[in-house]
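# An overview of the molecular structure
One letter stands for each residue in the lines below.
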2 protein chains.
Amino acid sequence: MPDGPDVKALAQRAKAAAGVELGFTPLYLQVRQKMLDKIIAGTWPPGTALPSEQQLALQMGVSQGTLRKALDALAADRVIVRHQGRGTFVAEHDQRRTLFQFFKIASDEDGRLSPETLFCQVVERNGSAEERAKLAISGRKVWHIHRHRALKGRVVLVEDIVVDHARFPLLDTKVPLPNNIYELYERQFGVTVAKAGERLKAVSADDQQAALLGCEEGSPLLLIERTAQALDGTPIEFRLTRCLTEGFHYSSDLK
Amino acid sequence: MPDGPDVKALAQRAKAAAGVELGFTPLYLQVRQKMLDKIIAGTWPPGTALPSEQQLALQMGVSQGTLRKALDALAADRVIVRHQGRGTFVAEHDQRRTLFQFFKIASDEDGRLSPETLFCQVVERNGSAEERAKLAISGRKVWHIHRHRALKGRVVLVEDIVVDHARFPLLDTKVPLPNNIYELYERQFGVTVAKAGERLKAVSADDQQAALLGCEEGSPLLLIERTAQALDGTPIEFRLTRCLTEGFHYSSDLK
DNA sequence: AAGTGGTCTAGACCACTTA
DNA sequence: AAGTGGTCTAGACCACTTA
């Protein structure tokens, strides 16, 4: 004889009563949100090993299957990383992640490479209306980071990065910034970049850019406008990258 | 008392004995491959409604849960599309899919739009060594499709598409080609484009391109090199798109 | 009302890692 | 040997669509 016919329906209603309900939110998505909230709140900082699935299922009062669906969803968004036999961990901005998730420039012949930072400057200034809108901030001040980056020994990237001054106190004292800037955001400021959207255009190099990149004025450059967001969707960073695409390209998979 | 302790282990070994085994392939991936094979073979053409999960599970001799994991994997790769309450269908190249999966150009102000084809020419010619290598073909001949496409009434895209002559017999008799060329591949030639990789660069417009796009010679253009693949990974199409990015951009999500 | 995919449970066992 | 995530089953019920 099967036991209680509507255990999960009761659980569903119990969870639903507590949260905002529009129509129907499955249990596993409610669990996913609860776990995401803990990660956002810093209860489980990046790199932390989560409790085992069995323990989490007990804590949350759901079956292991439901708990796994929640973890699967978080893993699909790269919020957590799972290793069979080892455990489940909050995702970190190590070099590998930066290279594969956030760096899309590759050599035509040699594929993906890590860029080397040859110059880096941090300036405090007032943000333009556009910048403050993109960062959704009410304060006036922003940090402006300017970098020159090289691949295969040649400067091919010029970056202009703008972030909220208030969110990154004393950023200028961290100079020279490490090559991996998202690791800095994460470790020094508790800010996790979770995803980004990019808009690509072709533009002409002005005299300054031409001098930096060692090309002629008016040469075509790939312009990449990136808006990066935190785990909760808050915009964190606005970045313009100008890229010389002779021997290099931006790689995009359509699937 | 729980019944047979190793039902699935037996099933696993039975399946394993039949197929190529390197280490360990889970049942659900074996089921996924079997279903993919049927789709590739044309047993289930695009648009077909698959049997219900219950029926498929019975046919394959696995539980509904395992069958669902196989379908989930196929749905993640957009090979099939599922609709709660309606059924599961083999994915089709309708306008929506083309717009969201394979067309990444959007208006800076108005977002995603469908391009309009203003000019389209199909020519038969010998493929270059590079083209034949990219298409992995041994024959000499290719079709070269040249199109001019407009967004918001302005020509901003010039496309040069190269496909295997042998795979698309009498393609020139289909002129004028429909706006959605992947739908043509699918319906007229039984060729399904499943995924594509793109390489983006910034280049200068030559005199012809400048004339077509209504810009000055030397203007920066976004060059998109696409290689599109069939369900089994075979390269199907090599495509060069040159794009005027004034008021438009290429959109890419990093996650 | 019947059929479909979607969720959830409880429990067994496997593959893999670490000690 | 013990612990972790990964697979698989059998079965119940829910949300949604169509007739």
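Structure shown above.
Within each chain, residues carry numbers counting from 1 in the order of the written sequence. Each chain gets a letter, beginning with A, and each ligand a number, beginning with 1, in the order they are written. Note on the predicted model: pLDDT of at least 70 is required for a residue's local features to be given, and 80 or more for side-chain atom pairs to be given and counted; whole-chain, interface and lining totals, by contrast, use all residues. Just so you know, side-chain values use all the structure's heavy atoms and leave hydrogens and water out.

### Here's the deal with the interface of chain A and chain B
Size of an interface, as often reported, equals the accessible area lost when the parts are brought together. Contacts between chain A and chain B engage 29 residues on the former and 29 residues on the latter. Buried area adds together the accessible area that both of two parts lose upon being put together, with accessible area traced by a 1.4 Å probe. Buried surface at the junction of chain A and chain B, both sides included, amounts to about 2500 Å², of which 51% is carbon and sulfur. Any Lys or Arg side-chain nitrogen located within 4 Å of an Asp or Glu carboxyl oxygen qualifies as a salt bridge. Scanning the region where chain A abuts chain B turns up two salt bridges. Those elements that place two or more of their residues in the side of chain A that touches chain B are helix 5 (95-102), strand 8 (193-204), strand 9 (220-230) and strand 11 (248-254) of chain A. Strands here are runs of E lasting at least two residues and helices are runs of H or I lasting at least four, both read from the DSSP assignment and numbered beginning at the N terminus. The biggest single contributor to the side of chain A that touches chain B is strand 8 of chain A, with ten residues. Here the nonpolar group is Ala, Val, Leu, Ile, Met, Phe, Trp, Tyr, Cys and Pro; Asp, Glu, Lys and Arg are the charged ones; every other residue, Gly included, is treated as polar. Residue classes in the side of chain A that touches chain B are distributed as eleven nonpolar, eight polar and ten charged. A pair of strands is considered paired only if DSSP assigns at least 2 bridges between the two. Inspection of the sheet shows strand 11 of chain A paired to strand 8 (residues 193-204) of chain B by five bridges, in the antiparallel sense. Each bridged residue has a counterpart across the sheet, and for Y250 of chain A the counterpart in strand 8 of chain B is L200 of chain B. The contact criterion used is simple: two residues touch if any of their non-hydrogen atoms lie within 4.5 Å.

### Remarks on the side chain of S107 of chain B
Residues and elements named next belong to chain B. With respect to the helices and strands, the residue S107 is situated in strand 3 (residues 105-107). Think of it in three bands: with a 1.4 Å probe and only protein chains considered, a residue is buried below 20% of the maximum accessible area for its type, exposed above 50%, and partly exposed in between. What makes S107 buried here is its relative accessible area of 1%. Any pair of N or O atoms that falls within 3.5 Å is considered a polar contact. Within protein, one atom must be able to donate a hydrogen and the other to accept it, and sequence-neighbouring residues count only if both atoms are side-chain atoms. Among the polar contacts listed, one links the side chain of S107 to the backbone nitrogen of E109, at a separation of 3.2 Å. A polar contact of 2.9 Å, which involves the side chain of S107, links it to the backbone nitrogen of D110. Among all residues touching S107, those that are not within four sequence positions of it are L113, K152, G247, F248 and H249.

### Quick word on the relation of the copies chain A and chain B
C-alpha atoms of residues with pLDDT of at least 70 in both copies form the basis for the least-squares superposition of the copies. Expressed as a screw transformation, the operator carrying chain A onto chain B has a rotation angle of 180° and an axial translation of 0.0 Å, and the superposed copies differ by an RMSD of 0.0 Å. Considering both components of the superposition, the chain copies are consistent with a two-fold axis. Taken together, the interface assignments show that 100% of the residues at the interface of chain A recur at the interface of chain B, consistent with an identical surface on both copies.

### So, the environment of G23 of chain B
Residue and element names in this part refer to chain B. Within the fold, G23 resides in the loop between helix 1 (7-18) and helix 2 (27-41). With a relative accessible area of 77%, G23 lands in the exposed category. With 62 residues separating them along the chain, G23 and G85 place their C-alpha atoms 38 Å apart.

### Observations concerning the sheet that holds strand 6 (residues 141-151) of chain A
Here we have nine strands laid out as an open sheet, ordered 5(A)-6(A)-7(A)-10(A)-9(A)-8(A)-11(B)-3(B)-4(B), and antiparallel in their pairing. Pairing within the sheet leaves two strands with one partner each, and these edge strands are strand 5 (116-126) of chain A together with strand 4 (111-112) of chain B. In this structure, strand 6 of chain A lies alongside strand 7 (residues 154-164) of chain A, joined through ten bridges in antiparallel fashion. Residue pairing across strands places A150 of chain A opposite V155 of chain A, the latter belonging to strand 7 of chain A. For every element, the axis is a line fit to its C-alpha atoms; helices are fit only across the contacting stretch, and the angle between N-to-C directions ranges from 0 to 180 degrees. Contacts between helix 5 of chain A and the sheet are confined to strand 8 and strand 9 of chain A together with strand 11 (248-254) of chain B, with strand 8 of chain A contributing the most and set at about 50° to the helix.

### What about helix 7 (residues 181-189) of chain A?
Residue and element names in this part refer to chain A. Where helix 7 is concerned, the buried positions are I181, Y182, L184, Y185, E186 and F189. Elements in contact with the buried residues of helix 7: helix 5, strand 6, strand 7, strand 8, strand 9 and strand 10 (235-243). For helix 7, the side-chain oxygen to backbone nitrogen distance between the N-cap and Y182 is 3.3 Å, and the N-cap itself is N180. Where helix 7 ends, the next residue or the one after it, G190, has phi of about 65°, a positive value.

### Brief notes about the pattern of salt bridges
A full pass over the atoms with the stated rule returns 30 salt bridges over all chains. For K134 of chain A, the salt bridge goes to E130 of chain A, with nearest N and O atoms at 3.4 Å. Placement of both K134 of chain A and E130 of chain A in helix 6 (residues 129-135) is noted, with a separation of four residues, approximately one turn of the helix. Of the residues examined, K134 of chain A reaches a relative accessible area of 28% and is grouped as partly exposed. Of the charged contacts, one joins E198 of chain B and R226 of chain B as a salt bridge, the two residues approaching to 2.7 Å between their closest N and O atoms. Linking E198 of chain B in strand 8 with R226 of chain B in strand 9 (residues 220-230), this pair joins segments that are 28 residues apart in sequence.

### Concerning the protein's contact with DNA strand D
Residues and elements named next belong to chain B. Within the structure, DNA strand D sits among 27 residues, and L27, S63, T66, K69 and R86 are positioned closest to it. We call a residue near a molecule or strand whenever a single non-hydrogen atom of that residue lies within 4 Å of it. A share of 82% is what sugar and phosphate atoms reach among the atoms of DNA strand D within 4 Å of the protein. The side chain of K69 places a nitrogen or oxygen atom 2.8 Å from a phosphate oxygen of DNA strand D. With three residues, the single largest contributor to the surface near DNA strand D is helix 4 (residues 64-76). Taken together, the residues that form the surface near DNA strand D break down as seven nonpolar, 13 polar and seven charged.

### Overview of the protein's contact with DNA strand C
Neighbouring residues of DNA strand C: 25 residues in total, closest L27, S63, T66, K69 and R86 of chain A. Backbone atoms, meaning sugar and phosphate, make up 81% of the atoms of DNA strand C lying within 4 Å of the protein. One nitrogen or oxygen atom from the main chain of Y28 of chain A is found 3.0 Å from a phosphate oxygen belonging to DNA strand C. In the environment of DNA strand C, a phosphate oxygen lies 2.4 Å from a nitrogen or oxygen atom belonging to the side chain of T66 of chain A. Elements that contribute at least two residues to the surface near DNA strand C include exactly helix 1 (7-18), helix 2 (27-41) and helix 4 (64-76) of chain A together with helix 3 (53-60), strand 1 (80-83) and strand 2 (87-90) of chain B. Tallied by class, the residues present in the surface near DNA strand C amount to six nonpolar, twelve polar and seven charged.

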